[in-house]
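Residue-level structure breakdown
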Amino acid sequence: AQRVTQPEKLLSVFKGAPVELKCNYSYSGSPELFWYVQYSRQRLQLLLRHISRESIKGFTADLNKGETSFHLKKPFAQEEDSAMYYCALRLTGGGNKLTFGTGTQLKVEL
Amino acid sequence: SQTIHQWPATLVQPVGSPLSLECTVEGTSNPNLYWYRQAAGRGLQLLFYSVGIGQISSEVPQNLSASRPQDRQFILSSKKLLLSDSGFYLCATLKGSGANVLTFGAGSRLTVL
C-alpha cells in the first residue's frame, strides 16, 4: 500500500532550536514526495518537493530511500514557522493524485 | 495564475439534509480537479478527482458524490448528510502543466448536527 506516516501530531520547540518533522512513506518504486504547509488563516500551500532539492524559508528535506523517510528540517526555528505541516506522496496510476499524512502541528515558543 | 473559489465557506446542516459545495477555477483550462476532506486526526483524505467534464473517480466509499458539469466547475454533493460527513472540504487543482503541485482553495467547513 502507498502510505505516508507522520508520527507526531504536535511538535513544540523553542525559538532558535532545531526542528525536525518526521515523515515516513511506503512505496514501491521511485517516490515523489512533498511538504505542504498551512499557516493560521491561510490556504494549504506547497512548501517544498524533493525533486527540486531546494531550501525554502530555511527548511530542507532529504529523501532517504534506505529508511523510506523524508524528514523536514530547519536548523533554527522562528516564531513564524508555527503551522500545520503535511507530508505528501504522489500515487501511481492516473490523475496525478497525492496521498497525505495526518499532519504535524509545529508550535514555536518564545 | 490559477485561482480557486469555494463556497459556501461555512455551512451548518442537520442530519439527513442535502449538501452542495461548489468549487470553480479561474486562469486555466481542462484542469485536474480534486476534493479532499480534512478531518481532525485524520489528515487530508482524497475523496474524488476529475480529469475532465463528466469524468469522476471516487477514491473512498462514502455518502458523498461529485460532479463536473463544466470544465472549471466541481461540485460535491450528498442526498442525506450523516454526522460523520462533518469536516473541512478542500478543492484543489494542479498548478501549471506538467507539474504535480496542488493549489488549494480556502475550503468549506461543514458541520452536521
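Read on for an overview of the structure.

Cut-off values and rules
- Residues numbered from 1 in each chain as written.
- Chains lettered and ligands numbered in written order.
- Predicted model: local features only at pLDDT ≥ 70, side-chain atom pairs only at ≥ 80, totals over all residues.
- Heavy atoms only, no water.
- Contact = heavy atoms within 4.5 Å.
- Buried area = accessible area lost by both parts, 1.4 Å probe.
- Salt bridge = Lys/Arg side-chain N within 4 Å of Asp/Glu carboxyl O.
- Polar contact = N/O pair within 3.5 Å; in protein donor to acceptor, adjacent residues only side chain to side chain.
- Helix = DSSP H or I, 4+ residues; strand = E, 2+ residues; numbered from the N terminus.
- Disulfide = S-S within 2.5 Å.
- Buried < 20%, exposed > 50% of the residue type's maximum accessible area, 1.4 Å probe, protein only.
- Pairing = 2+ DSSP bridges.
- Axes fitted to C-alpha atoms, helices over the stretch in contact; angles between N-to-C directions.
- Core = buried A, V, L, I, M, F, W, Y, C linked by side-chain atoms within 4.5 Å.

1. Re the interface of chain A and chain B
Taken together, the contact pairs 18 residues of chain A with 22 residues of chain B. Across the interface of chain A and chain B, roughly 1700 Å² is buried in total on both sides, 54% from carbon and sulfur atoms. Applying the counting rule to chain A against chain B returns 1 salt bridge. Lys97 of chain A serves as the salt-bridge partner of Glu59 of chain B, at 3.5 Å between the closest nitrogen and oxygen. Connecting chain A to chain B are 7 residue pairs in polar contact (both at pLDDT 80 or more). Sort the elements by how many residues they give to the side of chain A that touches chain B and strand E5 (residues 33-38) of chain A lands first, with 3 residues.

2. Notes on the state of the cysteines
Counted by the stated rule, this structure contains 2 disulfides over all chains. Paired through a disulfide, Cys23 of chain A and Cys87 of chain A show a sulfur-sulfur distance of 2.0 Å. Between Cys23 of chain A and Cys87 of chain A, the S-S dihedral sits near -65°, and the bridge is therefore left-handed. Pair noted here: Cys23 of chain A is in the loop between strand E3 (19-21) and strand E4 (24-26) and Cys87 of chain A is in strand E9 (residues 83-90), with a separation of 64 residues, a long-range link. Comparing Cys23 of chain A with Cys87 of chain A shows no difference in burial state: the two are buried. Disulfide pairing is shown between Cys23 of chain B and Cys91 of chain B; the S-S distance is 2.0 Å.

3. Description of unusual backbone geometry
The peptide bond linking Trp7 of chain B to Pro8 of chain B adopts the cis configuration, its omega dihedral lying at 0°. Relative to the elements of secondary structure, Pro8 of chain B occurs in the loop between strand E1 (3-7) and strand E2 (10-13). The backbone phi angle of Arg41 of chain A is positive, close to 65°, even though this residue is not glycine. Position of Arg41 of chain A relative to the elements: it lies in the loop between E5 and strand E6 (45-49). The exposure class of Arg41 of chain A is exposed, given its relative accessible area of 84%. At Asn30 of chain B, a position not held by glycine, the phi torsion is positive, near 50°.

4. Remarks on the sheet that holds E1 of chain B
Residue and element names in this part refer to chain B. Within the open sheet, the 4 strands sit side by side as E1-E3-E8-E7. Their pairing is antiparallel. Single-partner strands in this sheet number two, and they are E1 and strand E7 (65-70). For this sheet, the mean inter-axis angle between neighbouring strands, taken without regard to orientation, is 20°. Here E7 runs beside strand E8 (residues 73-78); their pairing, made up of 4 bridges, is antiparallel. Of the residues in E8, the one forming a bridge with Ser65 is Ser77.

5. Section: the nonpolar core
Residues and elements named next belong to chain A. Ranked by size, the top nonpolar core spans 25 residues in total, and within it Trp35, Leu47, Leu48, Phe70, Leu72 and Tyr85 carry the most contacts. Those elements giving two or more residues to this core turn out to be strand E2 (10-14), E3, E5, E6, E9 and strand E11 (104-109). Ranked by residue count, the leading element in this core is E9, at 4 residues. When sequence neighbours within four positions are dropped, the list of residues in contact with Leu48 reads Phe34, Trp35, Glu54, Ile56, Phe59, Thr60, Ala61, Phe70 and Leu72.

6. Topic: the environment of Ala83 of chain A
All names here are of chain A. Locating Ala83 in the fold gives a position in strand E9. With a relative accessible area of 3%, Ala83 lands in the buried category. Residues Ala83 and Ser12 lie 71 residues apart in sequence; the distance between their C-alpha atoms is 11 Å. Not counting chain neighbours up to four residues away, the residues in contact with Ala83 comprise Val37, Gln38, Tyr39, Thr104, Gln105 and Leu106.

7. Thoughts on the sheet that holds strand E8 (residues 72-74) of chain A
Residues and elements named next belong to chain A. Pairing is antiparallel in the open sheet, where 3 strands are placed in the order E3-E8-E7. Only two strands of the sheet have a single neighbouring strand rather than two, namely E3 and strand E7 (60-61). Pairing analysis gives 3 bridges linking E3 to E8, with the strands arranged antiparallel. Paired with Leu21 across the two strands is Leu72, which belongs to E8.

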